[in-house]
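Analysis of the macromolecular model
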Amino acid sequence: MSTENLPQSPDQPQRKPRVAVVFGGRSSEHGISMVTAGAVLRAIDRTKYDVLPIGITQSGRWVLTADEPERMAITERRTPNVEQLAESSEGGVVLPVDPANREVVYTEPGSVPKALGEIDVVFPVLHGPYGEDGTLQGLLELSGVPYVGSGVLASAVGQDKEYMKRVFTSFGLKVGPYVVIRPREWEQDESAARKKIIDLAGDHGWPLFVKPARAGSSIGITKVEDLSGLDDAIAEAQRHDPKILVEAALRGREIECGVLEFEDGPRASVPAEIPPPDAHAYYDFEAKYIDSTPGIVPAPLTPEETADVQRLAVDAFEAASCEGLVRADFFLTEDGEFVINEINTMPGFTPISMYPQMWQAGGIGYADLVDRLIEAALRRSTGLR
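This structure is a prediction, so every number in the text was calculated from the model and none was measured.

1. Considerations on the overall build of the chain
Of regular secondary structure, the chain possesses 11 helices and 16 strands. Relative to the 2.2 N^0.38 estimate, which gives 21 Å for 385 residues, the radius of gyration of the chain is 21 Å and therefore close to what a compact globule would have. Viewed in the frame of its principal axes, the chain has a C-alpha envelope of about 70 × 50 × 40 Å. A burial count over the chain gives 55% of its 385 residues as buried. In the chain, 65% of the contacts between residues at least 6 apart in sequence involve partners at least 24 apart. On the chain, roughly 16,800 Å² of surface is accessible, and the fraction owed to carbon and sulfur atoms is 50%.

Next up, the structure:
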């Protein structure tokens, strides 16, 4: 992107667009967000953009962090956290709330606030609630700051698995059998709520997957083989979200497909297949991020199946009014039908994550992908569109 459209005063030289990479956050996916941020920081073209790394601690404090992506990696099977990189234990970063002013301010107790300069675009590599779910997107809309990825509505829909499925169904996309248990249901009549789940098993058989309704990275999910494991699975899901989703198991192959927004509209990547991991009951958190179970790219599908899943991925993107990027996850059932499981509006984005791998197979490398996302965000205005 040219810097011609960036705000300049007459006596200022042309400057590079400034990208604030925001990561960490209050969700249980804090550490994975940092791993993603490290990869993005390494990939951003520093000759083209200035970069400001901003971390959000697990308590919700916004902090300046060291621009040291090598420290944002999984080590000894442990994920990093923002506190380890924060430049101060007390200072905080404040985003502008005036659309006419994009200047970021740093404050510290007992000190005069320090202006850090303007930002032109935010790359929010946050996963889960309080970041990927429309909350941060709403703040950026109020601030008038462009950002990478989907807007408020699509981010909220993409985070809440119940409403995601409702939207997909209304647009004619097929989803698997499920029930939702809201916190009020559980509090008012626990036995009736549990019966809904048992009835689902009675209709579709075991196993069931018990999930937090608004979490990702397979955190808090339990594969339940029979009734004896149900209560522990519910408790585990409720540790991450008071609303839970319970899905019947679908027999079939796990197929993923990326969607990227180009100037002429969204396009789908080559699809990938997630084979059943040998050391795990399903494609859980450890299989994804710790043991890095490899996917098959491109997926061994027929040309017709490839075209079908690409079309459905773009349909899902459009149904939820997404922008920027999406990873759409499907099951290819034994009868040859694609059933959509979910979308991720800010999918795992390390170089070994499936979304970048699928685009790499289509000829768009990781650094180019990051650049395209930033350029798309700079082209797009905030507000109603």
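Resuming the write-up.
2. Concerning the nonpolar core
Among the nonpolar cores identified, the biggest contains 35 residues, and Val21, Val40, Ile44, Phe123, Phe349, Val370 and Ile374 are the most heavily contacted of them. Listed by contribution, the elements that provide at least two residues to this core are β1 (18-24), α1 (30-43), β7 (121-124), β12 (252-262), α10 (354-361) and α11 (366-379). If one sorts the elements of this core by residue count, α11 sits on top with 7 residues. Core analysis: the next-biggest nonpolar cluster, separate from the first, contains 27 residues, Leu173, Ile255, Ala299 and Phe338 among them.

3. Considerations on unusual backbone geometry
Residue Trp206 is joined to Pro207 through a cis peptide bond whose omega torsion reads 0 degrees. Relative to the helices and strands, Pro207 is located in the loop between α6 (190-204) and β9 (208-212). We note that Tyr130 has phi near 65 degrees; this positive angle belongs to a residue other than glycine. Residue position: Tyr130 is located in the loop between β7 and α2 (135-143). Non-glycine residue Ser321 carries a positive phi angle of around 60 degrees. Position of Ser321 among the secondary structure elements: in the loop between α9 (303-319) and β15 (325-333). Judged by relative accessible area, which is 42%, Ser321 ranks as partly exposed.

4. Remarks on the confidence of the model for the chain
On average, residues of the chain carry a pLDDT of 90, and 92% of them reach 70 or more. Throughout residues 1-10 the model reports pLDDT below 50, and contacts reaching past four residues in sequence, or to other chains, amount to 20 contacts.

5. Details of α6
Between its terminal C-alpha atoms α6 stretches 22 Å, which fits the 21 Å expected from 15 residues at 1.5 Å a residue. Of all the residues in α6, the buried ones are Ala193, Arg194, Ile197, Leu200 and Ala201. Along α6, the residues classed as buried sweep out an arc of 110 degrees about the axis, all on the same side. Facing away from the buried side of α6 by over 90 degrees, the exposed positions are Gly202 and Asp203. On the buried face of α6, the contacting elements are β8 (178-181), α5 (183-188), β9, α7 (230-240) and β11 (244-248). Gly205 sits one or two residues past α6 and shows a positive phi near 85 degrees.

6. Description of the environment of Met358
When you line up the elements, Met358 lands in helix α10. Excluding residues that lie within four positions of it along the chain, Met358 makes contacts with Glu256, Cys257, Gly258, Ser269, Val270, Pro271, Ala272, Val297 and Arg327.

7. A look at the state of the cysteines
In this structure the tally under the stated criterion is 0 disulfides. Free cysteine: Cys257, not disulfide-bonded; nearest cysteine sulfur from Cys322 at 13 Å. Judged by its relative accessible area of 6%, Cys322 is buried.

8. So, the side chain of Glu273
Checked against the element boundaries, Glu273 lands in strand β14 (residues 272-274). Engagement of the side chain of Glu273 in a polar contact is seen with the side chain of Arg253, the distance being 2.8 Å. When sequence neighbours within four positions are dropped, the list of residues in contact with Glu273 reads Arg253, Glu254, Ile255, Gly295, Ile296, Ala299 and Pro300.

9. Some details on α7
If you check which residues of α7 are buried, you get Leu230, Ala233, Ile234 and Ala237. Down the axis of α7, the buried side of the element spans an arc of 100 degrees, and every buried residue falls inside it. Facing away from the buried side of α7 by more than 90 degrees, the exposed set consists of Asp232 and Arg239. Residues of α7 that are buried make contact with α5, α6, β9, β10 (222-224) and β11.

10. Overview of the pattern of salt bridges
With the rule as written, the count across this model stands at 33 salt bridges. One network of salt bridges, in which partners are shared, links Glu141, Glu261, Glu323, Arg380 and Arg385.

11. Structural notes on the sheet that holds strand β3 (residues 62-64)
Ordered by their spatial adjacency, 4 strands build an open sheet running β3-β2-β1-β7, and the pairing between neighbours is mixed. The open sheet has two free edges, formed respectively by β3 and β7, since each of these has just one partner strand. Averaged over all pairs of adjacent strands, the angle between strand axes in this sheet comes to 30 degrees, irrespective of strand direction. Seen against the sheet, α11 touches β1 and β7 and runs at an angle of roughly 130 degrees to β7.

The rules behind these values
Residues numbered from 1 in each chain as written. Predicted model: local features only at pLDDT ≥ 70, side-chain atom pairs only at ≥ 80, totals over all residues. Heavy atoms only, no water. Helix = DSSP H or I, 4+ residues; strand = E, 2+ residues; numbered from the N terminus. Rg over C-alpha atoms; globule rule 2.2 N^0.38 Å. Buried < 20%, exposed > 50% of the residue type's maximum accessible area, 1.4 Å probe, protein only. Contact = heavy atoms within 4.5 Å. Areas by Shrake-Rupley, 256 points an atom, 1.4 Å probe, with all protein chains shown as cover. Core = buried A, V, L, I, M, F, W, Y, C linked by side-chain atoms within 4.5 Å. pLDDT = per-residue confidence, 0-100. Expected span 1.5 Å × (residues − 1). Arc of directions from axis to C-beta. Disulfide = S-S within 2.5 Å. Polar contact = N/O pair within 3.5 Å; in protein donor to acceptor, adjacent residues only side chain to side chain. Salt bridge = Lys/Arg side-chain N within 4 Å of Asp/Glu carboxyl O. Pairing = 2+ DSSP bridges. Axes fitted to C-alpha atoms, helices over the stretch in contact; angles between N-to-C directions.

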